[in-house]
Amino acid sequence: MNSKYFKTAGLTAVAALLSTLPAFAQDAPKLDNGDTAWMLTSTALVLMMTIPGLALFYGGMVRKKNVLATAMQSFAICCLMTVVWMVIGYSLAFKDGGALNAYIGGFSAFFLSGIGVDTLSGTIPETVFMTFQMTFAIITPALIAGAFADRMKFSALMWFMGLWGIIVYSPIAHWVWGGGFLGDLGVMDFAGGTVVHINAGVAGLVCALVMGRREGFGSENMAPHNLVLSVIGASLLWVGWFGFNAGSELAADGTAGMAMAVTQIATAGAALAWMFAEWAAHGKPSVLGVISGAVAGLVAITPASGYVGPTGALIIGIVAGLVCNASATCLKGRLGYDDSLDAFGVHGVGGFVGAILTGVFASSAFGGVGYGDGVTMAGQVWTQFLGTIATIVWSGVASFVILKVIDATIGLRVTREIEMEGLDINLHGEVVH
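What counts and how
Residues numbered from 1 in each chain as written. Predicted model: local features only at pLDDT ≥ 70, side-chain atom pairs only at ≥ 80, totals over all residues. Heavy atoms only, no water. Axes fitted to C-alpha atoms, helices over the stretch in contact; angles between N-to-C directions. Helix = DSSP H or I, 4+ residues; strand = E, 2+ residues; numbered from the N terminus. Parallel < 35°, antiparallel > 145°, perpendicular 65-115°, else oblique. Left-handed = near helix turned anticlockwise from the far one by under 90°. Nonpolar A, V, L, I, M, F, W, Y, C, P; charged D, E, K, R; others polar. Contact = heavy atoms within 4.5 Å. Salt bridge = Lys/Arg side-chain N within 4 Å of Asp/Glu carboxyl O. Buried < 20%, exposed > 50% of the residue type's maximum accessible area, 1.4 Å probe, protein only. Phe/Tyr/Trp six-rings, centres within 6.5 Å; stacked < 30°, edge-to-face > 60°. Patch = residues over 30% accessible without salt bridge, like charges linked within 9 Å, V, L, I, M, F, W, Y side chains within 5 Å. Areas by Shrake-Rupley, 256 points an atom, 1.4 Å probe, with all protein chains shown as cover. 1 Å grid on protein atoms, 1.4 Å probe; cavity = no way out; pocket = protein on both sides within 12 Å on 5 of 7 lines; lining within 4 Å. Points joined across faces, edges and corners; volume = space filled by probe spheres on them. Expected span 1.5 Å × (residues − 1). Bend = angle between axes of the 7 residues up to and from the residue. Polar contact = N/O pair within 3.5 Å; in protein donor to acceptor, adjacent residues only side chain to side chain. Core = buried A, V, L, I, M, F, W, Y, C linked by side-chain atoms within 4.5 Å.

1. A few points about the packing of helix H3 (residues 67-94) against helix H5 (residues 154-177)
So, step 1. Orientation of H3 relative to H5, taken along the N-to-C sense of each, is 40 degrees, at an axis distance of 9 Å. Judged by the inter-axis angle, H3 sits oblique to H5. Handedness of the H3/H5 crossing: right-handed.
So, step 2. The residue inventory of the contact of H3 with H5, partitioned by class, reads 19 nonpolar, 6 polar and no charged.

In C-alpha coordinates, the structure reads:
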(Lines give C-alpha, C1' and ligand atoms only; values in the text may rest on other atoms or scores of the structure.)
Protein backbone atom coordinates (compact mmCIF):
# COMPACT_ATOMS: atom_id res chain seq x y z
CA MET A 1 0.00 0.00 0.00
CA ASN A 2 1.30 3.46 -0.85
CA SER A 3 1.65 6.52 1.35
CA LYS A 4 -1.35 8.14 -0.30
CA TYR A 5 -3.56 5.37 1.15
CA PHE A 6 -2.21 5.84 4.66
CA LYS A 7 -2.69 9.60 4.39
CA THR A 8 -6.29 9.18 3.29
CA ALA A 9 -6.99 6.59 5.99
CA GLY A 10 -5.48 8.84 8.63
CA LEU A 11 -7.56 11.82 7.61
CA THR A 12 -10.66 9.64 7.63
CA ALA A 13 -9.94 8.46 11.17
CA VAL A 14 -9.37 12.03 12.41
CA ALA A 15 -12.60 13.16 10.78
CA ALA A 16 -14.47 10.30 12.44
CA LEU A 17 -13.01 11.22 15.82
CA LEU A 18 -13.91 14.87 15.40
CA SER A 19 -17.47 13.91 14.42
CA THR A 20 -17.97 12.28 17.81
CA LEU A 21 -17.00 15.35 19.83
CA PRO A 22 -20.45 17.03 19.70
CA ALA A 23 -21.97 13.81 21.07
CA PHE A 24 -19.54 13.85 23.99
CA ALA A 25 -20.33 17.51 24.58
CA GLN A 26 -24.06 16.79 24.60
CA ASP A 27 -23.56 14.14 27.30
CA ALA A 28 -21.87 16.62 29.66
CA PRO A 29 -24.13 18.39 32.19
CA LYS A 30 -25.34 21.70 30.86
CA LEU A 31 -27.20 24.50 32.61
CA ASP A 32 -30.79 24.95 31.43
CA ASN A 33 -32.08 28.48 31.99
CA GLY A 34 -35.73 27.43 31.91
CA ASP A 35 -35.28 24.66 34.46
CA THR A 36 -33.24 26.97 36.65
CA ALA A 37 -35.84 29.73 36.56
CA TRP A 38 -38.59 27.27 37.50
CA MET A 39 -36.56 25.83 40.35
CA LEU A 40 -35.72 29.27 41.73
CA THR A 41 -39.47 29.96 41.73
CA SER A 42 -40.33 26.59 43.26
CA THR A 43 -37.81 27.10 46.05
CA ALA A 44 -39.40 30.42 46.99
CA LEU A 45 -42.87 28.83 46.88
CA VAL A 46 -41.89 25.99 49.22
CA LEU A 47 -40.24 28.40 51.67
CA MET A 48 -43.51 30.37 51.66
CA MET A 49 -45.28 27.24 52.84
CA THR A 50 -43.53 27.47 56.22
CA ILE A 51 -43.16 31.23 56.57
CA PRO A 52 -45.76 32.60 56.50
CA GLY A 53 -48.04 29.71 55.45
CA LEU A 54 -47.68 27.17 58.26
CA ALA A 55 -47.03 29.90 60.84
CA LEU A 56 -50.45 31.42 60.07
CA PHE A 57 -52.22 28.07 59.63
CA TYR A 58 -51.09 26.78 63.01
CA GLY A 59 -51.15 30.20 64.69
CA GLY A 60 -54.82 30.70 63.95
CA MET A 61 -55.79 27.30 65.33
CA VAL A 62 -54.38 27.72 68.84
CA ARG A 63 -55.80 29.83 71.66
CA LYS A 64 -54.98 33.52 71.65
CA LYS A 65 -52.51 33.22 74.54
CA ASN A 66 -50.29 30.95 72.43
CA VAL A 67 -50.48 32.45 68.95
CA LEU A 68 -47.11 34.20 69.03
CA ALA A 69 -45.33 31.17 70.47
CA THR A 70 -46.83 28.98 67.74
CA ALA A 71 -45.85 31.33 64.92
CA MET A 72 -42.42 31.72 66.51
CA GLN A 73 -41.91 27.96 66.35
CA SER A 74 -42.30 27.93 62.55
CA PHE A 75 -40.04 30.95 62.11
CA ALA A 76 -37.32 29.70 64.47
CA ILE A 77 -37.37 26.21 62.94
CA CYS A 78 -36.89 27.81 59.52
CA CYS A 79 -33.77 29.57 60.75
CA LEU A 80 -32.41 26.58 62.66
CA MET A 81 -32.89 24.04 59.88
CA THR A 82 -31.32 26.37 57.33
CA VAL A 83 -28.08 26.25 59.31
CA VAL A 84 -28.32 22.52 60.11
CA TRP A 85 -28.93 21.71 56.44
CA MET A 86 -26.03 23.89 55.32
CA VAL A 87 -23.60 22.42 57.84
CA ILE A 88 -24.38 18.69 57.69
CA GLY A 89 -27.94 17.81 56.62
CA TYR A 90 -27.53 18.20 52.85
CA SER A 91 -24.34 16.17 52.82
CA LEU A 92 -25.88 13.33 54.82
CA ALA A 93 -28.95 13.28 52.60
CA PHE A 94 -27.51 13.64 49.10
CA LYS A 95 -23.83 12.74 49.06
CA ASP A 96 -22.27 9.30 48.71
CA GLY A 97 -21.89 7.44 51.98
CA GLY A 98 -19.48 4.81 50.70
CA ALA A 99 -20.00 1.42 52.31
CA LEU A 100 -22.98 2.78 54.27
CA ASN A 101 -24.59 4.53 51.31
CA ALA A 102 -27.70 2.36 51.49
CA TYR A 103 -28.51 4.00 54.82
CA ILE A 104 -26.74 7.36 55.09
CA GLY A 105 -24.82 9.82 52.94
CA GLY A 106 -21.31 11.08 53.47
CA PHE A 107 -19.48 14.21 54.58
CA SER A 108 -18.11 15.44 51.25
CA ALA A 109 -20.41 18.49 51.31
CA PHE A 110 -19.81 19.34 54.98
CA PHE A 111 -20.42 23.11 55.26
CA LEU A 112 -21.32 22.86 51.53
CA SER A 113 -17.71 22.13 50.67
CA GLY A 114 -17.14 21.77 46.92
CA ILE A 115 -20.35 23.53 45.92
CA GLY A 116 -19.69 26.69 43.95
CA VAL A 117 -21.20 29.03 41.39
CA ASP A 118 -20.57 26.65 38.48
CA THR A 119 -21.42 23.35 40.25
CA LEU A 120 -24.39 21.66 38.60
CA SER A 121 -26.97 19.15 39.76
CA GLY A 122 -28.47 17.90 36.53
CA THR A 123 -29.53 20.96 34.53
CA ILE A 124 -29.66 23.40 37.46
CA PRO A 125 -27.05 24.89 39.78
CA GLU A 126 -26.38 22.67 42.78
CA THR A 127 -26.91 25.72 44.98
CA VAL A 128 -30.51 25.85 43.73
CA PHE A 129 -31.04 22.11 44.25
CA MET A 130 -29.54 22.33 47.73
CA THR A 131 -31.73 25.28 48.69
CA PHE A 132 -34.84 23.64 47.22
CA GLN A 133 -34.20 20.56 49.34
CA MET A 134 -33.47 22.82 52.30
CA THR A 135 -37.04 24.12 52.17
CA PHE A 136 -38.25 20.51 52.54
CA ALA A 137 -35.95 20.05 55.53
CA ILE A 138 -37.46 23.23 56.99
CA ILE A 139 -41.15 22.44 56.67
CA THR A 140 -40.96 18.80 57.79
CA PRO A 141 -39.95 19.46 61.42
CA ALA A 142 -42.17 22.55 61.46
CA LEU A 143 -45.16 20.29 60.77
CA ILE A 144 -44.35 18.24 63.87
CA ALA A 145 -44.89 21.27 66.10
CA GLY A 146 -48.64 21.09 65.49
CA ALA A 147 -48.84 17.88 67.51
CA PHE A 148 -47.49 19.38 70.74
CA ALA A 149 -48.80 22.95 70.42
CA ASP A 150 -49.34 24.82 73.71
CA ARG A 151 -46.96 22.83 75.90
CA MET A 152 -43.30 22.39 74.85
CA LYS A 153 -40.45 24.51 76.17
CA PHE A 154 -38.88 26.66 73.49
CA SER A 155 -35.38 25.47 74.46
CA ALA A 156 -36.53 21.85 74.19
CA LEU A 157 -38.09 22.57 70.81
CA MET A 158 -34.81 23.94 69.44
CA TRP A 159 -32.79 20.96 70.67
CA PHE A 160 -35.36 18.45 69.44
CA MET A 161 -35.69 19.95 65.97
CA GLY A 162 -31.95 20.29 65.45
CA LEU A 163 -31.23 16.71 66.47
CA TRP A 164 -34.27 15.38 64.64
CA GLY A 165 -33.18 17.04 61.40
CA ILE A 166 -29.80 15.30 61.55
CA ILE A 167 -30.77 11.92 62.98
CA VAL A 168 -34.19 11.37 61.41
CA TYR A 169 -34.88 13.62 58.42
CA SER A 170 -31.54 13.45 56.60
CA PRO A 171 -31.24 9.64 56.68
CA ILE A 172 -34.81 9.10 55.47
CA ALA A 173 -34.34 11.66 52.69
CA HIS A 174 -31.22 9.73 51.69
CA TRP A 175 -33.06 6.40 51.75
CA VAL A 176 -35.61 7.64 49.23
CA TRP A 177 -33.95 10.37 47.14
CA GLY A 178 -30.23 10.21 47.81
CA GLY A 179 -29.33 6.73 46.57
CA GLY A 180 -30.43 4.78 49.64
CA PHE A 181 -32.13 1.43 49.96
CA LEU A 182 -35.75 2.57 49.59
CA GLY A 183 -35.02 4.25 46.29
CA ASP A 184 -33.20 1.13 45.12
CA LEU A 185 -36.16 -0.95 46.26
CA GLY A 186 -38.39 1.02 43.90
CA VAL A 187 -40.42 3.11 46.35
CA MET A 188 -42.34 5.79 44.46
CA ASP A 189 -42.28 9.03 46.42
CA PHE A 190 -42.23 11.95 44.05
CA ALA A 191 -42.28 14.83 46.53
CA GLY A 192 -42.28 13.53 50.09
CA GLY A 193 -45.14 11.27 51.19
CA THR A 194 -42.71 9.21 53.25
CA VAL A 195 -39.82 11.64 53.64
CA VAL A 196 -41.96 14.58 54.75
CA HIS A 197 -45.49 13.66 55.79
CA ILE A 198 -45.36 10.18 57.28
CA ASN A 199 -42.05 11.13 58.87
CA ALA A 200 -43.43 14.31 60.46
CA GLY A 201 -46.79 12.77 61.36
CA VAL A 202 -45.28 9.80 63.21
CA ALA A 203 -42.80 12.04 65.03
CA GLY A 204 -45.70 14.30 65.99
CA LEU A 205 -47.70 11.39 67.39
CA VAL A 206 -44.69 10.27 69.45
CA CYS A 207 -44.30 13.82 70.79
CA ALA A 208 -47.98 13.96 71.75
CA LEU A 209 -47.80 10.62 73.53
CA VAL A 210 -44.53 11.33 75.36
CA MET A 211 -45.61 14.80 76.50
CA GLY A 212 -49.17 13.92 77.39
CA ARG A 213 -52.32 15.97 77.05
CA ARG A 214 -52.63 19.71 77.43
CA GLU A 215 -53.92 21.03 80.73
CA GLY A 216 -57.71 21.13 80.49
CA PHE A 217 -57.85 18.88 77.43
CA GLY A 218 -61.37 17.48 77.12
CA SER A 219 -62.85 19.87 79.68
CA GLU A 220 -61.87 23.38 78.54
CA ASN A 221 -62.75 25.16 75.32
CA MET A 222 -59.69 24.92 73.05
CA ALA A 223 -61.31 26.19 69.87
CA PRO A 224 -59.19 28.13 67.35
CA HIS A 225 -58.92 31.80 68.25
CA ASN A 226 -58.74 33.20 64.69
CA LEU A 227 -59.71 31.02 61.76
CA VAL A 228 -59.14 33.89 59.32
CA LEU A 229 -55.40 33.47 59.98
CA SER A 230 -55.74 29.75 59.38
CA VAL A 231 -57.61 30.25 56.09
CA ILE A 232 -54.85 32.58 54.89
CA GLY A 233 -52.23 30.08 56.02
CA ALA A 234 -53.97 27.15 54.31
CA SER A 235 -54.29 29.20 51.12
CA LEU A 236 -50.56 29.98 51.17
CA LEU A 237 -49.85 26.29 51.73
CA TRP A 238 -52.01 25.39 48.72
CA VAL A 239 -50.26 27.87 46.42
CA GLY A 240 -46.81 26.96 47.75
CA TRP A 241 -47.52 23.27 47.23
CA PHE A 242 -47.21 23.74 43.47
CA GLY A 243 -43.53 24.40 44.09
CA PHE A 244 -43.42 21.41 46.42
CA ASN A 245 -44.90 18.93 43.94
CA ALA A 246 -44.30 20.35 40.46
CA GLY A 247 -40.88 21.57 41.55
CA SER A 248 -39.86 18.05 42.50
CA GLU A 249 -39.56 17.23 38.80
CA LEU A 250 -36.50 19.56 38.88
CA ALA A 251 -37.37 20.67 35.37
CA ALA A 252 -39.89 22.81 33.51
CA ASP A 253 -41.54 20.04 31.48
CA GLY A 254 -44.70 18.02 30.98
CA THR A 255 -44.30 16.00 34.15
CA ALA A 256 -44.12 19.21 36.17
CA GLY A 257 -47.28 20.40 34.42
CA MET A 258 -49.14 17.20 35.25
CA ALA A 259 -47.88 17.32 38.84
CA MET A 260 -49.36 20.82 39.13
CA ALA A 261 -52.68 19.72 37.64
CA VAL A 262 -53.13 16.65 39.85
CA THR A 263 -52.16 18.66 42.93
CA GLN A 264 -55.00 21.10 42.28
CA ILE A 265 -57.49 18.33 41.55
CA ALA A 266 -56.69 16.18 44.58
CA THR A 267 -56.73 19.14 46.95
CA ALA A 268 -60.15 20.29 45.79
CA GLY A 269 -61.51 16.74 45.97
CA ALA A 270 -60.26 16.23 49.52
CA ALA A 271 -61.58 19.59 50.73
CA LEU A 272 -65.04 18.80 49.37
CA ALA A 273 -64.99 15.25 50.75
CA TRP A 274 -64.11 16.44 54.28
CA MET A 275 -66.64 19.28 54.05
CA PHE A 276 -69.53 17.06 52.93
CA ALA A 277 -68.67 14.36 55.48
CA GLU A 278 -68.73 16.94 58.25
CA TRP A 279 -71.90 18.52 56.87
CA ALA A 280 -73.65 15.14 56.91
CA ALA A 281 -72.44 14.30 60.41
CA HIS A 282 -72.98 17.65 62.15
CA GLY A 283 -75.42 19.57 59.98
CA LYS A 284 -72.97 22.37 59.13
CA PRO A 285 -69.83 22.62 56.98
CA SER A 286 -67.11 24.31 59.03
CA VAL A 287 -64.29 26.56 57.88
CA LEU A 288 -61.79 24.50 59.88
CA GLY A 289 -63.08 21.37 58.19
CA VAL A 290 -62.73 22.55 54.60
CA ILE A 291 -59.21 23.91 55.08
CA SER A 292 -58.16 20.76 56.94
CA GLY A 293 -59.53 18.70 54.06
CA ALA A 294 -57.55 20.76 51.57
CA VAL A 295 -54.33 20.14 53.48
CA ALA A 296 -55.15 16.41 53.64
CA GLY A 297 -55.47 16.38 49.86
CA LEU A 298 -52.19 18.21 49.43
CA VAL A 299 -50.49 15.69 51.70
CA ALA A 300 -51.93 12.61 49.98
CA ILE A 301 -51.13 13.69 46.42
CA THR A 302 -47.54 14.57 47.31
CA PRO A 303 -45.98 11.10 46.79
CA ALA A 304 -48.18 10.46 43.74
CA SER A 305 -47.93 13.81 41.98
CA GLY A 306 -45.36 12.79 39.36
CA TYR A 307 -46.86 9.37 38.70
CA VAL A 308 -50.68 9.61 38.49
CA GLY A 309 -53.19 11.17 36.14
CA PRO A 310 -56.23 13.37 36.85
CA THR A 311 -58.66 10.51 37.61
CA GLY A 312 -56.29 8.90 40.07
CA ALA A 313 -55.66 12.27 41.69
CA LEU A 314 -59.37 12.92 42.23
CA ILE A 315 -59.86 9.51 43.85
CA ILE A 316 -56.78 9.94 46.04
CA GLY A 317 -58.09 13.32 47.17
CA ILE A 318 -61.56 12.07 48.02
CA VAL A 319 -60.23 9.06 49.93
CA ALA A 320 -57.75 11.22 51.83
CA GLY A 321 -60.43 13.73 52.79
CA LEU A 322 -62.69 11.04 54.21
CA VAL A 323 -59.96 9.00 55.95
CA CYS A 324 -58.20 12.01 57.47
CA ASN A 325 -61.53 13.38 58.69
CA ALA A 326 -62.18 10.10 60.48
CA SER A 327 -58.63 10.03 61.86
CA ALA A 328 -58.71 13.60 63.19
CA THR A 329 -62.12 13.16 64.82
CA CYS A 330 -63.15 9.57 65.59
CA LEU A 331 -59.71 7.94 65.95
CA LYS A 332 -58.21 10.68 68.08
CA GLY A 333 -61.31 10.83 70.23
CA ARG A 334 -61.44 7.10 70.86
CA LEU A 335 -57.74 6.65 71.58
CA GLY A 336 -57.56 9.81 73.67
CA TYR A 337 -54.19 11.20 72.55
CA ASP A 338 -53.81 14.97 72.26
CA ASP A 339 -52.50 15.71 68.77
CA SER A 340 -53.22 19.42 69.19
CA LEU A 341 -53.47 20.50 65.56
CA ASP A 342 -53.80 17.06 63.93
CA ALA A 343 -50.24 16.74 62.68
CA PHE A 344 -50.56 12.96 62.80
CA GLY A 345 -54.22 12.84 61.80
CA VAL A 346 -53.60 14.79 58.59
CA HIS A 347 -49.93 14.37 57.71
CA GLY A 348 -49.21 10.91 59.10
CA VAL A 349 -52.45 9.31 57.98
CA GLY A 350 -52.73 11.33 54.77
CA GLY A 351 -49.15 10.53 53.87
CA PHE A 352 -49.77 6.82 54.39
CA VAL A 353 -52.95 6.90 52.28
CA GLY A 354 -51.15 8.77 49.51
CA ALA A 355 -48.11 6.49 49.56
CA ILE A 356 -50.19 3.31 49.25
CA LEU A 357 -52.56 4.71 46.61
CA THR A 358 -49.59 5.87 44.56
CA GLY A 359 -48.89 2.19 43.97
CA VAL A 360 -52.44 1.74 42.70
CA PHE A 361 -53.03 4.81 40.55
CA ALA A 362 -49.58 4.95 38.96
CA SER A 363 -50.98 2.18 36.77
CA SER A 364 -51.39 3.15 33.12
CA ALA A 365 -54.92 1.74 33.37
CA PHE A 366 -55.79 4.80 35.48
CA GLY A 367 -53.82 7.25 33.38
CA GLY A 368 -50.61 6.98 35.38
CA VAL A 369 -47.05 6.57 34.15
CA GLY A 370 -47.02 2.80 34.67
CA TYR A 371 -44.54 0.57 36.47
CA GLY A 372 -41.06 -0.69 35.79
CA ASP A 373 -40.39 -3.84 33.80
CA GLY A 374 -41.91 -6.86 35.48
CA VAL A 375 -43.56 -4.83 38.25
CA THR A 376 -47.25 -5.43 38.93
CA MET A 377 -49.71 -3.25 40.80
CA ALA A 378 -49.69 -5.64 43.76
CA GLY A 379 -45.90 -5.66 43.76
CA GLN A 380 -45.69 -1.86 43.70
CA VAL A 381 -48.26 -1.50 46.48
CA TRP A 382 -46.20 -3.91 48.59
CA THR A 383 -43.07 -1.88 47.88
CA GLN A 384 -44.92 1.28 48.90
CA PHE A 385 -46.01 -0.41 52.12
CA LEU A 386 -42.45 -1.44 52.95
CA GLY A 387 -41.33 2.15 52.42
CA THR A 388 -43.94 3.44 54.84
CA ILE A 389 -43.04 0.84 57.47
CA ALA A 390 -39.33 1.66 57.31
CA THR A 391 -40.14 5.35 57.72
CA ILE A 392 -42.59 4.76 60.58
CA VAL A 393 -40.15 2.59 62.52
CA TRP A 394 -37.11 4.86 62.23
CA SER A 395 -39.03 8.08 62.77
CA GLY A 396 -40.94 6.66 65.73
CA VAL A 397 -38.03 5.03 67.53
CA ALA A 398 -35.48 7.79 66.92
CA SER A 399 -37.95 10.54 67.85
CA PHE A 400 -38.79 8.73 71.10
CA VAL A 401 -35.12 8.42 72.06
CA ILE A 402 -34.39 12.08 71.27
CA LEU A 403 -37.37 13.22 73.33
CA LYS A 404 -36.39 11.08 76.30
CA VAL A 405 -32.82 12.38 76.27
CA ILE A 406 -34.00 15.99 76.18
CA ASP A 407 -36.57 15.35 78.92
CA ALA A 408 -33.89 13.82 81.13
CA THR A 409 -31.55 16.79 80.66
CA ILE A 410 -33.41 20.09 80.27
CA GLY A 411 -37.04 18.93 80.38
CA LEU A 412 -39.61 18.95 77.59
CA ARG A 413 -42.67 20.62 78.99
CA VAL A 414 -43.45 23.99 80.48
CA THR A 415 -44.87 24.14 84.00
CA ARG A 416 -48.59 23.91 84.61
CA GLU A 417 -48.66 27.58 85.61
CA ILE A 418 -47.00 28.70 82.38
CA GLU A 419 -49.28 26.51 80.31
CA MET A 420 -52.40 27.90 81.98
CA GLU A 421 -51.30 31.53 81.66
CA GLY A 422 -49.99 31.12 78.12
CA LEU A 423 -46.72 30.62 76.30
CA ASP A 424 -46.62 34.02 74.65
CA ILE A 425 -46.08 36.09 77.78
CA ASN A 426 -44.03 33.49 79.66
CA LEU A 427 -41.68 32.24 76.94
CA HIS A 428 -41.37 35.34 74.78
CA GLY A 429 -42.55 38.25 76.92
CA GLU A 430 -45.08 39.40 74.34
CA VAL A 431 -48.83 39.17 73.81
CA VAL A 432 -51.38 39.79 71.08
CA HIS A 433 -53.93 42.45 72.06
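Let us keep going from here.
2. A word on the side chain of Lys332
So, step 1. Looking at where Lys332 falls in the secondary structure, it is placed in helix H11 (residues 310-335).
So, step 2. Those residues within four positions of Lys332 in sequence are excluded, and the remaining contacts are Ser327, Tyr337, Asp339, Ser340 and Asp342.

3. Here we look at the pattern of salt bridges
So, step 1. With the rule as written, the count across this model stands at 9 salt bridges.
So, step 2. Asp338 is paired through a salt bridge with Arg151; the nearest N and O atoms lie 3.9 Å apart. Residue Asp338 is found in the loop between H11 and helix H12 (343-361), and its partner Arg151 is found in the loop between helix H4 (126-144) and H5; the two are separated by 187 residues along the sequence. Grouping residues by exposure puts Asp338 and Arg151 together as buried.
So, step 3. A salt bridge links Asp338 to Arg214, with the nearest nitrogen and oxygen atoms 2.8 Å apart. Here Arg214 lies in the loop between helix H7 (193-211) and helix H8 (227-246) and Asp338 lies in the loop between H11 and H12, a separation of 124 residues in the sequence. Exposure class is identical for Asp338 and Arg214. Each is buried.
So, step 4. Taken together, the shared-partner salt bridges in this structure form one network comprising Arg63, Asp150, Arg151, Arg214, Glu220 and Asp338.

4. Points about the packing of aromatic side chains
So, step 1. Applying the stated criterion across every chain, the model contains 19 aromatic pairs.
So, step 2. Aromatic pair Tyr103 and Phe181: ring centres 5.6 Å apart, planes at 45 degrees, arrangement tilted. Taken together, the residues span a long stretch of sequence, with Tyr103 in the loop between H3 and strand S1 (120-121) and Phe181 in helix H6 (residues 181-185) at a distance of 78 residues.
So, step 3. Phe181 gets classed as partly exposed once you look at its relative accessible area, which sits at 28%.

5. What about a nonpolar patch on the surface?
So, step 1. A surface patch of nonpolar side chains, about 980 Å² in accessible area, is lined by Leu185, Phe352, Trp382, Phe385, Leu386, Ile389, Ile392, Val393, Val397, Phe400, Val401 and Val405.
So, step 2. Of the residues forming the nonpolar patch, the biggest block, 10 residues, is contributed by helix H13 (residues 377-409).
So, step 3. With respect to the element layout, Val401 can be found in helix H13.

6. What about the layout of surface pockets?
So, step 1. Taken as a whole, the largest pocket encloses approximately 740 Å³ of empty space.
So, step 2. When residues of the lining of the largest pocket are traced back to their parent elements, those giving at least two are helix H2 (33-61), helix H9 (254-282), helix H10 (287-301), H11 and H12.
So, step 3. When residues in the lining of the largest pocket are grouped by element, the largest group, 6 residues, is from H11.
So, step 4. Looking at side-chain class alone, the lining of the largest pocket contains 19 nonpolar, 9 polar and 5 charged residues.
So, step 5. Taken together, Phe94, Phe129, Phe132, Gln133, Phe136, Trp177, Asp189, Phe190, Ser248, Leu250 and Tyr307 make up the lining of the second largest pocket.
So, step 6. For the lining of the second largest pocket, the leading source of residues is H4, giving 4 residues.
So, step 7. Grouping the amino acids of the lining of the second largest pocket by side-chain chemistry returns 8 nonpolar, 2 polar and 1 charged.

7. Comments concerning H8
So, step 1. An ideal rise of 1.5 Å per residue puts 28 Å on 20 residues; H8 measures up with 28 Å between its terminal C-alpha atoms.
So, step 2. Of all the bends in H8, the greatest, near 30 degrees, is centred on Gly240.
So, step 3. In this fold, the buried residues of H8 make contact with H2, H4, H7, H9 and H10.
So, step 4. Sitting at the head of H8, Asn226 places a side-chain oxygen 3.1 Å from the backbone nitrogen of Val228.

8. A closer look at the nonpolar core
So, step 1. Ranked by size, the top nonpolar core spans 108 residues in total, and within it Phe57, Trp85, Tyr90, Ile144, Phe148 and Phe160 carry the most contacts.
So, step 2. Beyond its immediate chain neighbours, meaning those up to four positions away, Trp85 contacts Tyr90, Ala93, Phe94, Met130, Gln133, Met134, Ala137, Tyr169 and Ser170.

9. A look at the environment of Val432
So, step 1. Among the structural elements, Val432 can be located in the segment after helix H15 (423-428).
So, step 2. For the pair formed by Val432 and Val67, sequence separation is 365 residues and the distance between their alpha carbons is 7.7 Å.
So, step 3. Once residues lying within four places of it in the same chain are set aside, the contact partners of Val432 are Lys64, Val67 and Leu68.

10. Considerations on unusual backbone geometry
So, step 1. In this structure, the amide linkage connecting Ile51 to the following residue, Pro52, adopts the cis form with an omega of 15 degrees.
So, step 2. Within the secondary structure layout, Pro52 lies in helix H2.
So, step 3. Notably, Leu250 is not glycine yet its phi reads approximately 60 degrees, a positive angle.
So, step 4. By the element assignment, Leu250 lies in the loop between H8 and H9.
So, step 5. Classification of Leu250 by relative accessible area gives partly exposed; the value is 28%.

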